[in-house]
Amino acid sequence: MKKMWSSVVAVTTALTFTACQSEEPKPAAEVADFQVIGGQVIDEAFFAENKTGACGTVDFGPSEARREPTPEEASKFQVRAAADNMVNVAWHVITSGTTGNVTDAQIAAQLQVLNDAYAGKGFQFQTVSIDRTNNSKWFGMTPGSRNETLAKQTLAKSPATTLNIYTAGPGQGLLGWAVFPWSYAESHYQNGVVLLHSSLPGGSAAPYNLGDTATHEVGHYLGLYHTFQGGCTGSGDSVDDTPAEASAAYGCPAGRDTCSATGQDPIYNFMDYTDDACMNHFTAGQTTRMAWAVSTYKPSL
Ligand SMILES: [Zn+2]
């Protein structure tokens, strides 16, 4: 998930609601796992919005979700990543009247942003279809909502072999969200990415309108966590070459260094929350992790 607002309180505060009022706040090590709920990448905003209804929806997902690739797997996946895998993309433009009607040219520009970001990282993308649906309820869908389910059930195309990308207007400051590869069977309609329509190139969501929300969400779709996952302790984002980071970074705070471990915060990484103009790369470790996640959970992609 990616949000445009930085005014949200600490995750641990919101989690007190999520784990049902009667439970103790979860220790830090479990906080990250709470981000897998209903099979989706979510964040503190979702908890705040759903604090009365979140009990019973917590799904930690398969335990192997946080497993690291073995060295043997890593070397194999590095070979695989050297040849970019072409991914078919089905675009679903959801509008509310004339609002959200992104153009074919914007979609083409967005595809180019994705291809530039993922070149040499194991994946390239090609558009296979664009459909358009005027439905104000689906347009306002939020993570885990009935309207999200209805839209995806109706519109998803061949999820095992196709990346389904929905553009909509979810509100709540949300720029987009994605479903992790291990959350559902690869053929499940829930798989895919939802983007705020105005985050596409040429949209109005400055400074998030250069198309890197899609880059970020597709990263989740391919198995990446946020660079600030887990904060300064533990396995973080399960990638060795992204320095630990205490919290999401916004703007483009050069020199930010929030953890005592070696390395400045990875504010230029696509999996942080910085401005589109600030983020510019995935690491080798992230490339390996994406190849591992897709080989393991999305072998048909
Ligand atoms: Zn995210």
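Residues numbered from 1 in each chain as written. Predicted model: local features only at pLDDT ≥ 70, side-chain atom pairs only at ≥ 80, totals over all residues. Heavy atoms only, no water.

Asks: Sorry if this is basic, but what is going on with the overall build of the chain here?
Replies: Across its full length, the chain holds 9 helices and 8 strands. Across the chain, the fraction of contacts at a sequence separation of at least 24, relative to all contacts at a separation of at least 6, is 70%. Counting only carbon and sulfur atoms, one obtains 53% of the accessible surface of the chain, whose full area is about 11800 Å². (Helix = DSSP H or I, 4+ residues; strand = E, 2+ residues; numbered from the N terminus. Contact = heavy atoms within 4.5 Å. Areas by Shrake-Rupley, 256 points an atom, 1.4 Å probe, with all protein chains shown as cover.)

Asks: Looking at this structure, how should I read the coordination of the zinc ion?
Replies: Six octahedrally arranged donors around a metal ideally form angles of 90 or 180 degrees; four tetrahedrally arranged donors ideally form angles of 109.5 degrees. Surrounding the zinc ion are the protein donor atoms Met1 (N), Met1 (O), His216 (NE2), His220 (NE2) and His226 (NE2), which sit 1.9 to 2.4 Å from the metal. Mapped onto the polypeptide sequence, the residues donating to the zinc ion form the spacing pattern M-x214-H-x3-H-x5-H. With methionine 1 in the segment before β1 (2-3) and histidine 220 in helix α8 (residues 212-221), this residue pair connects regions lying 219 residues apart in the sequence. By relative accessible area, histidine 220 is classed as buried at 1%. (Donors = N, O, S within 2.8 Å, 3.2 Å for Na, K, Ca; no water. Buried < 20%, exposed > 50% of the residue type's maximum accessible area, 1.4 Å probe, protein only.)

Asks: Hey, could you run me through the packing of aromatic side chains in this one?
Replies: Following the criterion strictly, the structure yields 10 aromatic pairs and no others. Among the aromatic residues, those joined into a ring-pair cluster are Phe180, Trp182, Tyr225, Trp292 and Tyr297. (Phe/Tyr/Trp six-rings, centres within 6.5 Å; stacked < 30°, edge-to-face > 60°.)

Asks: Any chance you could explain the pairing of strand β4 (residues 85-95) here in plain terms?
Replies: For a regular strand, the rule is simple: side chains alternate between the two faces of the sheet. Burial within β4 is extensive, with 9 of its 11 residues counted as buried. With 11 bridges joining them, β4 and strand β5 (residues 123-134) adopt parallel strand pairing. In the sheet register, valine 93 faces β5, and the bridge partner there is arginine 132. After leaving β4, the chain enters helix α5 (residues 104-118) and then returns to the sheet as β5, a path that is right-handed. When β4 meets strand β6 (residues 162-168), the two strands line up parallel, connected through 6 bridges. The residue bridging asparagine 88 from the neighbouring strand is threonine 162, located in β6. (Pairing = 2+ DSSP bridges. Right-handed = clockwise from strand over helix to strand, strands pointing away.)

Asks: Would you mind showing me how to read the packing of α5 against α8 here?
Replies: In a pair of packed helices, the angle between the axes and the distance between the axes together describe the arrangement. Direction vectors running N to C along α5 and α8 enclose 55°, while the axes themselves pass 9 Å from each other. In terms of axis orientation, α5 runs oblique to α8. The crossing of α5 and α8 is right-handed. Of the residues in α8, those touching α5 at Gln110, Val113, Leu114, Ala117 and Tyr118 are Asp212, Ala214, Thr215, Val218 and Gly219. Taken together, the residues that form the contact of α5 with α8 break down as 6 nonpolar, 3 polar and 1 charged. (Axes fitted to C-alpha atoms, helices over the stretch in contact; angles between N-to-C directions. Parallel < 35°, antiparallel > 145°, perpendicular 65-115°, else oblique. Left-handed = near helix turned anticlockwise from the far one by under 90°. Nonpolar A, V, L, I, M, F, W, Y, C, P; charged D, E, K, R; others polar.)

Asks: Can you walk me through the environment of aspartate 240 in this structure?
Replies: Mapped onto the elements of the fold, aspartate 240 is located in the loop between α8 and α9 (284-297). Linking aspartate 240 and threonine 283, residues 43 residues apart in sequence, is a C-alpha distance of 9.4 Å.

Asks: Help me out: how do you make sense of the environment of lysine 157 in this one?
Replies: With respect to the element layout, lysine 157 can be found in the loop between α7 (146-155) and β6. What makes lysine 157 partly exposed here is its relative accessible area of 36%. Taking the C-alpha atoms as reference points, lysine 157 and histidine 188, 31 residues apart in sequence, are found 10.0 Å from one another. Beyond its immediate stretch of four places on either side in the chain, lysine 157 contacts Ala90, His92, Ser129, Asp131, Thr162 and Asn164. A polar contact is formed between the side chain of lysine 157 and the side chain of serine 129, at a distance of 3.5 Å. (Polar contact = N/O pair within 3.5 Å; in protein donor to acceptor, adjacent residues only side chain to side chain.)

Asks: What should I look at first to understand the sheet that holds β4 in this one?
Replies: The strands that make up a sheet pair up through hydrogen bonds in the backbone, lying either parallel or antiparallel. Overall, mixed pairing links the 6 strands, which are arranged β1-β7-β8-β6-β4-β5 in an open sheet. Both outer strands of the open sheet, β1 and β5, are each paired with one neighbouring strand and no more. Pairing of β6 with strand β8 (residues 193-196) involves 4 bridges; the strand directions are parallel. The residue of β8 that forms the bridge with alanine 168 is leucine 196.

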